[in-house]
Amino acid sequence: MGEYTRGLAAILMQTHDKQVLAEVHAVDIVLPVDLALPCGLILSELVTNALKHAFPEPAGHEPRPPAIVIDLRRDQGGFFLSVADNGVGICQPPSAQEIKSLGLRLVGMFVEQLGGTIVFSSDEGTRCTVAFPAGDTS
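A look at the pattern of salt bridges
Next, step 1: Counted according to the given criterion, the structure contains three salt bridges.
Next, step 2: As a salt-bridge pair, aspartate 71 and arginine 73 come within 3.2 Å of each other at their nearest N and O atoms.
Next, step 3: For aspartate 75, the salt bridge goes to arginine 73, with nearest N and O atoms at 3.6 Å.
Next, step 4: The class of aspartate 75 is partly exposed, set by a relative accessible area of 30%.
Next, step 5: Salt bridges sharing common partners tie together Asp71, Arg73 and Asp75.

Focus: the nonpolar core
Next, step 1: Formed by 35 residues in total, the largest nonpolar core has its most connected members in Leu31, Ile42, Val47, Ile68, Ile70 and Leu81.
Next, step 2: The set of elements that each furnish at least two residues to this core consists of α1 (2–16), α2 (33–53), β2 (67–75), β3 (78–85), α3 (102–114) and β5 (126–133).
Next, step 3: Considering each element in turn, this core owes the most residues, nine residues, to α2.

A look at α1
Think of an α-helix as turning once every 3.6 residues; residues three or four places apart then point the same way.
Next, step 1: Here α1 is 15 residues long and its end C-alpha atoms lie 21 Å apart, about the 21 Å a rise of 1.5 Å per residue gives.
Next, step 2: Burial in α1 covers these residues: Gly2, Thr5, Leu8, Ala9, Leu12 and Met13. Taken around the axis of α1, the buried residues stretch over an arc of 135°, which confines them to a single face. Exposed residues on α1 whose side chains face more than 90 degrees from its buried face are Glu3, Gln14 and Thr15.
Next, step 3: Looking one or two residues past α1, aspartate 17 carries a phi angle of roughly 50°, positive in sign.

Reading the values: rules and limits
Residues numbered from 1 in each chain as written. Predicted model: local features only at pLDDT ≥ 70, side-chain atom pairs only at ≥ 80, totals over all residues. Heavy atoms only, no water. Salt bridge = Lys/Arg side-chain N within 4 Å of Asp/Glu carboxyl O. Buried < 20%, exposed > 50% of the residue type's maximum accessible area, 1.4 Å probe, protein only. Core = buried A, V, L, I, M, F, W, Y, C linked by side-chain atoms within 4.5 Å. Helix = DSSP H or I, 4+ residues; strand = E, 2+ residues; numbered from the N terminus. Expected span 1.5 Å × (residues − 1). Arc of directions from axis to C-beta.

In structure tokens, the structure reads:
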């Protein structure tokens, strides 16, 4: 998943053609397909949302260089995925029941499929944190 995460981030940055620094902290863990597929879809949607919505100004007009930080690691019997940006932030982080956009509703469905939790926060940008149990990774 580490190599996949780094590759996906690079492809998404190139596809969206924005001058955004992608900092990826992803351990090389092997996930079974039933965890890897929804995790990859979650990652793709969260990074895409950050690229589309966090940096509305043309490059060079931000008070600090635009950046997205992706963190994927094993954490106390499960996994932790975080996508954070230093963009405009969201006015009020939504609860799972308040999410209206199709992309974030899909993220919520994939998190549910993983048996995980999702938390949004907004402090100097937006952070979405997903935690899910390891399942059978043997």
